[in-house]
Amino acid sequence: MNHYDILNLPTNATGQEIKVAYRRLVKKFHPDSQTQQASHEKIILINAAYEVLSDPQRRRHYDQNNVNKEVFSGREFRNRRASQACRQGQKRSQQADLNREQWLRQVYHPIATELKAVIESLDAQIDTLAADLFDDQLMEDFQSYLGDLTACLSKCRQQLRSFPNPQSFAQIAAYLYYGLNHMEDALEELTTFTLNYDESFLHTGQELFRLTNDLLAETDATVQQWDP
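Residues numbered from 1 in each chain as written. Predicted model: local features only at pLDDT ≥ 70, side-chain atom pairs only at ≥ 80, totals over all residues. Heavy atoms only, no water.

Draft legend 1. Region of the structure containing the side chain of Thr219. Inspection of the secondary structure puts Thr219 in helix 7 (residues 199–223). Overall, the relative accessible area of 1% leaves Thr219 in the buried class. Looking at Thr219, its side chain comes within polar contact range of the side chain of Tyr108, at 2.9 Å. When residues no more than four places from it in sequence are discounted, the contact partners of Thr219 are Tyr108, Ile172 and Tyr175. (Helix = DSSP H or I, 4+ residues; strand = E, 2+ residues; numbered from the N terminus. Buried < 20%, exposed > 50% of the residue type's maximum accessible area, 1.4 Å probe, protein only. Polar contact = N/O pair within 3.5 Å; in protein donor to acceptor, adjacent residues only side chain to side chain. Contact = heavy atoms within 4.5 Å.)

Draft legend 2. Just the packing of helix 2 (residues 15–29) against helix 3 (residues 40–53), in detail. Contact geometry for helix 2 and helix 3: axes closest at 10 Å, N-to-C directions at 165°. In terms of their interaxial angle, helix 2 and helix 3 are classed as roughly antiparallel. For the element pair helix 2 and helix 3, the recorded crossing hand is left-handed. Within the contact between the two elements, helix 2 uses Ile18, Lys19, Tyr22, Leu25, Val26 and Phe29 and helix 3 uses Lys42, Ile43, Ile46, Asn47, Tyr50 and Leu53. Here the residues of the contact of helix 2 with helix 3 sort into nine nonpolar, one polar and two charged. (Axes fitted to C-alpha atoms, helices over the stretch in contact; angles between N-to-C directions. Parallel < 35°, antiparallel > 145°, perpendicular 65-115°, else oblique. Left-handed = near helix turned anticlockwise from the far one by under 90°. Nonpolar A, V, L, I, M, F, W, Y, C, P; charged D, E, K, R; others polar.)

Draft legend 3. Layout of the packing of aromatic side chains. This structure, assessed with the given rule, holds seven aromatic pairs. Arranged with centres 6.4 Å apart and planes meeting at 45°, the rings of Tyr4 and Tyr62 form a pair that is tilted. One end of the pair, Tyr4, is in helix 1 (residues 3–6); the other, Tyr62, is in helix 4 (residues 56–130), and 58 residues separate them in sequence. Taking the relative accessible area as the measure of exposure, Tyr62 reaches 11% and is therefore buried. By way of ring pairs, the aromatic residues Trp103, Tyr108 and Phe169 are connected into one cluster. The ring of Phe29 is capped by Lys42, whose NZ or CZ atom sits 5.4 Å from the centre of that ring. (Phe/Tyr/Trp six-rings, centres within 6.5 Å; stacked < 30°, edge-to-face > 60°. Lys NZ or Arg CZ within 6 Å of the ring centre and 35° of its normal.)

Draft legend 4. Main features of the packing of helix 5 (residues 136–162) against helix 6 (residues 170–196). For the pair helix 5 and helix 6, interaxial distance at closest approach is 10 Å and the crossing angle is 160°. Viewed along their axes, helix 5 and helix 6 adopt a mutual orientation that is roughly antiparallel. For the pair helix 5 and helix 6, the crossing hand works out as left-handed. For the pair helix 5 and helix 6, contact is made by Met139, Phe142, Gln143, Leu146, Leu149, Thr150, Leu153, Cys156, Arg157 and Leu160 and by Ala173, Leu176, Tyr177, Leu180, Asn181, Met183, Glu184, Leu187, Leu190, Thr191 and Thr194, respectively. In terms of residue class, the contact of helix 5 with helix 6 is made up of 14 nonpolar, five polar and two charged.

Draft legend 5. Up close: the pattern of salt bridges. This structure, assessed with the given rule, holds five salt bridges. Notably, a salt bridge pairs Arg157 with Glu184, separated by 3.0 Å at the nearest N-O pair. You can see Arg157 sitting in helix 5 and its partner Glu184 sitting in helix 6, a full 27 residues away along the chain. Take Arg157: its relative accessible area is 11%, and that puts it in the buried class. Judged by relative accessible area, which is 28%, Glu184 ranks as partly exposed. Three or more residues joined by partner-sharing salt bridges are found here, namely Glu207, Arg210 and Asp214. (Salt bridge = Lys/Arg side-chain N within 4 Å of Asp/Glu carboxyl O.)

Draft legend 6. Quick look at helix 5. For helix 5, with 27 residues, the first-to-last C-alpha span of 39 Å sits near the 39 Å given by 1.5 Å per residue. Along helix 5, the positions that sit buried rather than exposed are Met139, Phe142, Tyr145, Leu146, Leu149, Cys152, Leu153, Cys156, Arg157 and Leu160. At the N-terminal end of helix 5, a side-chain oxygen is found 2.9 Å from the backbone nitrogen of Gln137, two or three residues along, and the residue is Asp135. (Expected span 1.5 Å × (residues − 1).)

Draft legend 7. Broad picture of the environment of Leu129. Its location among the elements puts Leu129 in helix 4. Of the residues examined, Leu129 reaches a relative accessible area of 3% and is grouped as buried. Along the sequence, Leu129 and Phe142 sit 13 residues apart, while their C-alpha atoms lie 6.9 Å from each other.

Draft legend 8. Representation of unusual backbone geometry in the model. Despite not being glycine, Asn8 shows a phi value in the positive range, around 55°. Take Asn8: it is sitting in the loop between helix 1 and helix 2. Not every positive phi belongs to a glycine, and Tyr197 is a case in point at roughly 60°. Relative to the helices and strands, Tyr197 resides in the loop between helix 6 and helix 7.

Shown next, in the form of structure tokens:
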């Protein structure tokens, strides 16, 4: 608290305003005033402030070495705080960019690549099986293929859970989740087909593969905006 604060005055107060403020405070705080606010410690501060501010030379020296310094310190503190907030904002932005890049590299691209490979492989596998649906070896090979896909999708789902997606990628992560669900449902349909040879299950499985492919096309279009 500086001398102006003690006298409840602005730093540009006139000499007359300083005198008036001093007299008013002395009446209020002087030990002999018999008021509830009487305070020996307070009156010492008031007298000290008045002695400096009532003398033009001492006041000028005081302003140069105290008040102006306090004003500068306050401005410096505000500037430093604003600068710190700016740096923190930049750091958060950089971290968000890093998280997005890391998620794309470690989660999205590996899963999308796996799913696309699975989708592309299905037609060739079905064509091979179609040569003779009742050939035990061909059917066994197809069932083994479905088992490999089940393991692949399980790995993809685990990978999707291994790294939290950035908030800005919530929709992309949801599409991956839906795609994996479609693929797992498709495998159930295809597995049922291998047991009863009902081609409706085969067609449903193929349709679910197509839906997953459409989802990946949508996510690819979005991801291109973020890819470094």
